[in-house]
There are 2 protein chains.
Amino acid sequence: MAKVKLGIIGLGQQGGAYGNFIKEARVSNMEIGAICDNDPEKKKRADEEFSGVPFYDNYIDMLESGNVDAIVTCVPHYLHPEMGIEALKRDVHALLEKPAGVYTKQVKEINDFAATKPNLTYAIMFNQRTNELYRKVKEIIDNGGEIGTIRRTNWLITTWWRPQGYYDAGSWRATWDGEGGGVLVNQAPHQIDLLQWICGMPEKVYTKAQYGYQRNIPVEDDVTTILDYGNGATGVFITCTHDIMGTDRLEIHGDKGKIVVVDSKKVTIKRLHTPEKEMSDKMSMQEVAKLFQGEGPGSIYQEEVLEFESVWGGGQHVAVLENFAANIIDNTPLIAPGSDGINGVELANAMHLSSWLNKEVSLPIDEELYLEELNRRRNQEKES
Amino acid sequence: MAKVKLGIIGLGQQGGAYGNFIKEARVSNMEIGAICDNDPEKKKRADEEFSGVPFYDNYIDMLESGNVDAIVTCVPHYLHPEMGIEALKRDVHALLEKPAGVYTKQVKEINDFAATKPNLTYAIMFNQRTNELYRKVKEIIDNGGEIGTIRRTNWLITTWWRPQGYYDAGSWRATWDGEGGGVLVNQAPHQIDLLQWICGMPEKVYTKAQYGYQRNIPVEDDVTTILDYGNGATGVFITCTHDIMGTDRLEIHGDKGKIVVVDSKKVTIKRLHTPEKEMSDKMSMQEVAKLFQGEGPGSIYQEEVLEFESVWGGGQHVAVLENFAANIIDNTPLIAPGSDGINGVELANAMHLSSWLNKEVSLPIDEELYLEELNRRRNQEKES
């Protein structure tokens, strides 16, 4: 297979962007096999922008047409798992848009099914995993010798500002039935995945979420979560869509050092010469007083500052598309295996559930209870 | 009264420092009336450093000696309220060291009693309230036109590093019976008071605290709290004593702007030209896209950066002592009225209680339950 023939399901903003990347030959190992959308208006767009590419109004027909080796699911989140399963069933490789689904139960279904098809490629569009900055941070954390065991994580990520007009532009947007949530499901999945990818999954979470706090929406526009990693280490994750001068600051405190990332562009890494525990056990109060006098404790660590270009554009998506195709062609390791997608969904679900119950919840959460509570909100929304 | 004659109860580190400030004539309107300590060793120190000053080994005797107009309580926290009451009973003015006490029930007692003695001065040593930086931040918040109604507060204050040797230096230190807690009672009361002084009291708190996490102590050395202000606004307060490269970063997000304080030295104030709600309601997605392209939303706010000298030294304590004396002499308004002290104790108690019960608690807390849970820990400690 020289080039993977991709079937794009959903010709909206994201699907159109991927189509254009491929059309512009930015994805070296891919071509557009077919496009599918159930909106007749989109057929016109496809004819204009992607003339000559087969168009389907039913994705099953596309899967069975022989025109596509693989698909990408640029459709509402609820549909990602079932479309992925239908593809894999027909030996078509599947790249899921993030989040992998709305609730863990449906994501487990595709993960379980994908496990029975080990020869097929199943991946997820976690484009931020290609970000050089976060790859560097993960490398440092994975190499425990650098900043040691994590004691605290802290991500204040409130740069997801969205005006009311954004929400009003689509009736499915920021609804329980259309998206299954707000900022946790639509905007913050990037950072939720990065956090768990870099620092691991917590054992428990407690969340305070505000629903329709600063926007006229039924879902959450403001979230504060405490993460408990189970070994004494804790974390905080904060996000919202109403801070027009939002903050993006990630701090990871380890027993041998600290990493601070500001604006996803600048990383400051401080590596202690001696592990903190050893300093605590050995230092006299005289030495402590001396240390904190004058210029402060600069002598006890080595500081490294790295600056990166912020890459939030198409480059990341192109890289994931290319990596997906490369895995199909020659088993190049995946940047984001599809089975990883459940972690972000699990975390977002846990945050919702904790805020609904107003108590700390353990992971994995009670997935039946979550679905019941979610469906109750979907039904209430339909009735109102 | 030309100068207030101060009785210093407890000639430890703090009592000795205050004595020296007065001896060095740094407190213009005060003189040392007497010193009291129940440790015979301290009599020697008093004779050497403060020769000629009357010394008592019983504070009641000192209160009744006629040698003092006022006292300051440089003794373990549990004793502050009762010593304050005994002073006020004898028409002696009282300056309490912070915290005002260990549990709200005892602090209420002194507040109630002090209310019956309106002609006496009752104050508390919140020296950080004299810090020009925080006075400026409070002024901005109080003037609602500047950054508007608060939506979020966030204080990561982990600069309270203490080595094991610090804890081992006194058997009462960081114990339930000696101090009534750890970082919340000994180190963080500064910021807990500043936070409530500047941003107001929350209605509810949820706290995750680690007891003896990185230090061999029975009390908390690591705390993460979510504050709920009751109107949708929320906050996070994080502190610990095991981060040798600790962070001090306060962010206050309002509906018209934002304040960020770094290292208690540098304040960045961003004031929006238009309230955020109005921008959200009126901006089209085209305008939004334009705004976030290129240099980002710099055009929508005016930025002011202020730098301050960090004053953590004696200057602050001198200012509070002088203000206390001035209030006695000519009713100069107090920087920190004694009755304010209960807020910080209430918050610290609520954080403990929430972490013990592992659930969110409402303020005011159930003070009987708190005392019961505290005393249980004091008894367990004595038995072990």
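What counts, and at which threshold
- Residues numbered from 1 in each chain as written.
- Chains lettered and ligands numbered in written order.
- Predicted model: local features only at pLDDT ≥ 70, side-chain atom pairs only at ≥ 80, totals over all residues.
- Heavy atoms only, no water.
- Axes fitted to C-alpha atoms, helices over the stretch in contact; angles between N-to-C directions.
- Helix = DSSP H or I, 4+ residues; strand = E, 2+ residues; numbered from the N terminus.
- Parallel < 35°, antiparallel > 145°, perpendicular 65-115°, else oblique.
- Left-handed = near helix turned anticlockwise from the far one by under 90°.
- Contact = heavy atoms within 4.5 Å.
- Nonpolar A, V, L, I, M, F, W, Y, C, P; charged D, E, K, R; others polar.
- UniProt positions renumbered as here; feature names shortened; annotations may be inferred.
- Least-squares fit on C-alpha atoms with pLDDT ≥ 70 in both.
- Pairing = 2+ DSSP bridges.
- Buried area = accessible area lost by both parts, 1.4 Å probe.
- Salt bridge = Lys/Arg side-chain N within 4 Å of Asp/Glu carboxyl O.
- Polar contact = N/O pair within 3.5 Å; in protein donor to acceptor, adjacent residues only side chain to side chain.
- Core = buried A, V, L, I, M, F, W, Y, C linked by side-chain atoms within 4.5 Å.
- Buried < 20%, exposed > 50% of the residue type's maximum accessible area, 1.4 Å probe, protein only.
- Domains from an automatic or database assignment.

Chain A goes by Gluconokinase in an unreviewed UniProt entry, where it is assigned to Gracilibacillus boraciitolerans JCM 21714.

Axes are the key here: two packed helices are described by the angle between their axes and the distance separating the axes. All names here are of chain A. Relative orientation of the contacting elements helix 5 (residues 104-115) and helix 13 (residues 341-357) amounts to 165°, with a least axis distance of 9 Å. By the angle between their axes, helix 5 is roughly antiparallel relative to helix 13. When the axes of helix 5 and helix 13 are compared, the crossing they make is left-handed. Contacts between helix 5 and helix 13 involve Thr104, Val107, Lys108 and Asn111 on the former and, on the latter, Ile342, Val345, Glu346 and Asn349. A class-by-class count of the residues in the contact of helix 5 with helix 13 yields three nonpolar, three polar and two charged.

In the numbering adopted here, UniProt assigns the feature "domain: Gfo/Idh/MocA-like oxidoreductase N-terminal" (unreviewed entry) to residues 5-119 of chain A. The straight-line gap between the two end C-alpha atoms of residues 5-119 of chain A is 17 Å; of that span, 42% is helix and 19% is strand.

Here two copies of a chain appear, and what relates them is a rotation about an axis with a shift along it. Its rotation angle being 180°, the transformation that places chain B on chain A also includes 0.0 Å of axial translation and leaves an RMSD of 0.0 Å. Expressed as an axis order, the relation between the two copies is that of a two-fold axis. Across chain B, the smallest distance between a C-alpha and the rotation axis is recorded for B:Lys359, namely 3.1 Å. Same-surface contact between copies: 100% of interface residues of chain B are shared with the interface of chain A.

Residue and element names in this part refer to chain A. The parallel open sheet is built from six strands, whose spatial order is 3-2-1-4-5-6. Lying at the two open borders of the sheet, with one neighbouring strand each, are strand 3 (55-56) and strand 6 (122-124). Across two bridges, the pairing between strand 2 (residues 30-36) and strand 3 is parallel. The residue of strand 3 that forms the bridge with isoleucine 35 is phenylalanine 55.

It is common to report an interface's size as the accessible area lost on association of the parts. Each partner contributes residues to the interface: chain B has 58 residues there, and chain A has 58 residues. Of the roughly 4,800 Å² buried where chain B meets chain A, counting both sides, 58% is carbon and sulfur surface. Together, B:Arg152, B:Ile244 and B:Met245 form the three largest contributors to the area buried by chain B at its contact with chain A, with a combined 15%. Our count for the contact surface shared by chain B and chain A stands at ten salt bridges. As a salt-bridge pair, B:Lys258 and A:Asp243 come within 2.7 Å of each other at their nearest N and O atoms. Applying the counting rule to chain B against chain A returns 31 residue pairs in polar contact (both at pLDDT 80 or more). Considering only residue class, the side of chain B that touches chain A consists of 25 nonpolar, 18 polar and 15 charged.

By size, the foremost hydrophobic cluster in this structure holds 55 residues, and its most contacted members are B:Val137, B:Ile252, B:Ile259 and B:Leu374. Summarising the domain contributions, this core has at least three residues from each of domain 1 (4-127 + 314-338) and domain 2 (129-308 + 344-383) of chain B. If we skip the residues at most four places from it in the chain, B:Ile259 touches B:Val137, B:Ile140, B:Ile141, B:Ile147, B:Leu250, B:Glu251, B:Ile252, B:Val267, B:Thr268 and B:Ile269. Core analysis: the next-biggest nonpolar cluster, separate from the first, contains 54 residues, A:Trp160, A:Ile198, A:Ile269 and A:Leu347 among them.

With that settled, consider the domain arrangement of chain A. Residue and element names in this part refer to chain A. We note that the domain assignment places domain 1 (4-127 + 314-338) and domain 2 (129-308 + 344-383) within chain A. Using only C-alpha atoms to locate each centre, domain 1 and domain 2 end up separated by 29 Å. With 21 residues of domain 1 in contact, the opposing surface of domain 2 contributes 23 residues. Taking both sides of the interface into account, the surface hidden between domain 1 and domain 2 amounts to around 1,900 Å²; carbon and sulfur atoms contribute 60%. Broken down residue by residue, the surface that domain 1 buries against domain 2 is led by Tyr78, Thr104 and Phe126, which jointly contribute 31%. Taken together, the links from domain 1 to domain 2 amount to two salt bridges. Put simply, domain 1 and domain 2 have eleven residue pairs in polar contact (both at pLDDT 80 or more) between them. Ranked by residue count, the leading element in the side of domain 1 that touches domain 2 is helix 5, at four residues. Of the residues contributing to the side of domain 1 that touches domain 2, the split by class is 13 nonpolar, five polar and three charged.

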